[in-house]
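Residue strings, one per chain:
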Amino acid sequence: MEDMMQNIVSLAKRRGFIFPGSEIYGGLANSWDYGPLGVELKNNIRQEWWRWFVTRRTDMVGIDAALVMNPKVWEASGHLKEFSDPLVECKKCHERFRADQVDLKSACPSCNEKGTFTNPSNFNLMLKTFLGPAEDSAHVAYFRPELAQSMFVDFKNVIETTRKRLPFGIASQGKAFRNEITPGNFIFRTREFDLMEFEYFVREQEWEKWFEYWLHDMKKWLLHLGVREDHFHEAEIPDGERAHYSKRTIDIEYDYPFGRKELYGLAYRTDFDLKNHMEKSGEDLRYVDPETQEKMLPHVIEPTFGLDRTVLVAMLEAYSEELAPTAEEGETDTRVVMKFPYWMAPVKVAILPLAKKEDLQKIGKQLHEELSQYVACDYDETQSIGKRYRRQDEIGTPFCVTIDFDTLQDKAVTVRDRDTMKQERISMQELSQYLKEKLNA
Ligand code: GAP
């Protein structure tokens, strides 16, 4: 199973999905950059999430807030006091670990010495900086560790400008930062990562109904991503282990090659955040019921989705190796195919002139111009056609369109299906409609 992570990390680097960050300077531990294909994959997921949870609904609106907020926000939200992980240090080698991720009775994973751990202490995960030219306590600020607080802080502005009525949600996507003690496992745990989350505001007496509703919808979203149903699981988080703001949390966990761990979370945050911001800011954040004029603080259900973990899971689910015929008669070898759902694939159609001949290239470029009006296309005229097919399989391109010498006479091209490898002859006139139907099927 660990090999699977190596396969993904190496394919990600080889094909330009994800590179180690700052690599020419020896890297920066656990930082990663998305390359040309990775950024398309990530954007496709980000945009589909926005469509799925925001734009296709009438009860959801979005915001895009600042990454650094007034430090008073983090006082009110409880993050400055409570947002910490238990930290232990090996007294011999001084390596630090998360106390819940090492066996405190065993030897130190770094120097192998036994019985050397300090008692656990709380380590705050907020990433600190200074705003302005003075580095003193008056200028301390924090990068946001979650997006949620912007949705609470902007709550009043949103209801005043949208006139939304309960139940309704505010969604956001963007970077979050945490000074993790032990980041690792590729893009699973990093110190800066992308989040997609929303706060769904409900009447207190309806919280259980909406909790169930969103749990169900989160699972539907996972199936839409192509995640097999037996690969994810619900985990009820017991009292004492939930985040300080949550009265009920269910984590959706995934079977990663390195073990079953959190993918997404669903929390019932009560009116904890709005109440605290109302108290600390002095602003009235109550919602006024338009029928009864009753003033009340809504309660909140929060589904939260790590985007980088979604990319990792999408790659793990899509990765497949299978025996396939080569160009040599009767020979087979292993082809790697990323079987992304069509909507997610970074490139949807590859245009491949069979040879570097001017008349084939001309048709190829015309087709590229036409098709790229509505789908992401690649144009490739290098190497043998067999190698080009394998490359497109490895990046998950659903359809390859080959222009050959017959095209000059019959005005038709060959369309190859990524998953079945079947080839069909399609007239150039019908190509656009044919691909649209296939890609939307
Ligand atoms: N607003 C709620 C919240 O932030 P969380 O469980 O602390 O909840 C939300 O984080 C999601 O962010 C997680 O479910 C996970 O997908 C992702 N996540 C958390 N820490 C991460 C890290 N260090 N690197 C990458 N993703 C992370």
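Scoring rules and cut-offs
Residues numbered from 1 in each chain as written. Predicted model: local features only at pLDDT ≥ 70, side-chain atom pairs only at ≥ 80, totals over all residues. Heavy atoms only, no water. Buried < 20%, exposed > 50% of the residue type's maximum accessible area, 1.4 Å probe, protein only. Helix = DSSP H or I, 4+ residues; strand = E, 2+ residues; numbered from the N terminus. Pairing = 2+ DSSP bridges. Disulfide = S-S within 2.5 Å. Near = heavy atom within 4 Å. Polar contact = N/O pair within 3.5 Å; in protein donor to acceptor, adjacent residues only side chain to side chain. Axes fitted to C-alpha atoms, helices over the stretch in contact; angles between N-to-C directions. Contact = heavy atoms within 4.5 Å. Expected span 1.5 Å × (residues − 1). Domains from an automatic or database assignment. Buried area = accessible area lost by both parts, 1.4 Å probe. Salt bridge = Lys/Arg side-chain N within 4 Å of Asp/Glu carboxyl O.

1. Let's talk about the pairing of strand β10 (residues 168-177)
At step 1: When you tally the buried positions in β10, you get nine out of ten residues, the bulk of the element.
At step 2: Direction of pairing for strand β3 (residues 60-62) relative to β10: parallel, over a ladder of three bridges. Along β10, the bridge assignment pairs methionine 60 with glycine 169.
At step 3: Examined bridge by bridge, β10 and strand β11 (residues 192-202) share ten bridges and lie antiparallel to one another. If you follow glutamine 173 over to β11, its bridge partner there is methionine 196.

2. Examining the state of the cysteines
At step 1: If you walk through the whole model with that rule in mind, you get zero disulfides.
At step 2: Of all cysteine sulfurs in the structure, the one in cysteine 90 sits closest to cysteine 108, which takes part in no disulfide; the separation is 3.8 Å.
At step 3: With no disulfide of its own, cysteine 111 lies closest to cysteine 90 among cysteine sulfurs, the gap being 3.7 Å.
At step 4: On the basis of relative accessible area, cysteine 111 is assigned to the partly exposed category, the value being 23%.

3. What to know about the site of the ligand
At step 1: Close to the ligand lie 19 residues, the nearest being Glu146, Glu180, Thr190, Glu262 and Leu263.
At step 2: Note that an oxygen atom of the ligand is positioned 2.6 Å from one of the backbone N or O atoms of leucine 263.
At step 3: Glutamate 302 is positioned such that a nitrogen or oxygen atom in its side chain is 2.9 Å from a nitrogen atom of the ligand.
At step 4: Listed by contribution, the elements that provide at least two residues to the shell around the ligand are β11, β14 (259-270) and β17 (299-306).
At step 5: Broken down by element, the shell around the ligand gets its largest block of residues, five residues, from β14.

4. Brief notes about the sheet that holds strand β20 (residues 349-353)
At step 1: Across the sheet, which stays open at both edges, the five strands sit in the order β21-β20-β22-β23-β24 with mixed pairing between neighbours. Sheet topology places β21 (377-379) and β24 (423-427) at the edges, where each strand pairs with a single neighbour. Within this sheet the neighbouring strands show an average axis-to-axis angle of 25°, counted without direction.
At step 2: Contacting β20, β21, β22 (399-403), β23 (412-417) and β24, helix α11 (residues 385-395) crosses the sheet at an angle of about 170° to β20.

5. Thoughts on helix α9 (residues 307-318)
At step 1: For α9, which comprises twelve residues, the first-to-last C-alpha distance of 16 Å matches the rise-based estimate of 16 Å (1.5 Å per residue) to within 8%.
At step 2: Of all the twelve residues making up α9, twelve are buried; the element is thus mostly covered by neighbouring parts of the structure.
At step 3: For α9, the complete set of buried residues consists of Leu307, Asp308, Arg309, Thr310, Val311, Leu312, Val313, Ala314, Met315, Leu316, Glu317 and Ala318.

6. Thoughts on the side chain of glutamine 392
At step 1: Among the structural elements, glutamine 392 can be located in helix α11.
At step 2: Residues in contact with glutamine 392, not counting those within four places in the same chain, are Val347, Ala350, Asp378, Thr397 and Cys400.

7. So, the sheet that holds β14
At step 1: A sheet is described by the order of its strands in space; here seven strands give the open sequence β3-β10-β11-β17-β14-β13-β12, paired in mixed fashion. On the outer flanks of this sheet lie β3 and β12 (232-236), each paired with one strand and no other. Across the sheet, the mean angle from the axis of one strand to that of its neighbour is 25°, orientation sign disregarded.
At step 2: Set on the sheet, helix α6 (residues 155-162) makes contact with β3, β10 and β11; between it and β10 the angle comes to about 140°.
At step 3: In the packing of α9 onto the sheet, contacts are made with β11, β13 (248-256), β14 and β17, and the angle to β13 comes to roughly 35°.

8. So, the domain arrangement of the protein chain
For an interface, size is often stated in terms of accessible area lost upon the parts coming together.
At step 1: On domain assignment, one finds that the protein chain holds domain 1 (2-68 + 145-315) and domain 2 (347-439).
At step 2: The distance between the C-alpha centroids of domain 1 and domain 2 comes to 38 Å.
At step 3: Facing six residues of domain 1, the contacting portion of domain 2 comprises five residues.
At step 4: Here domain 1 meets domain 2 over a buried area of about 500 Å², counting both sides, of which 49% is carbon and sulfur.
At step 5: Arginine 15 is paired through a salt bridge with glutamate 394; the nearest N and O atoms lie 2.6 Å apart.
At step 6: Between the two partners, domain 1 and domain 2, sit two residue pairs in polar contact (both at pLDDT 80 or more).
At step 7: Elements with a contribution of two residues or more to the side of domain 1 that touches domain 2: α1 (2-14) and α2 (36-55).

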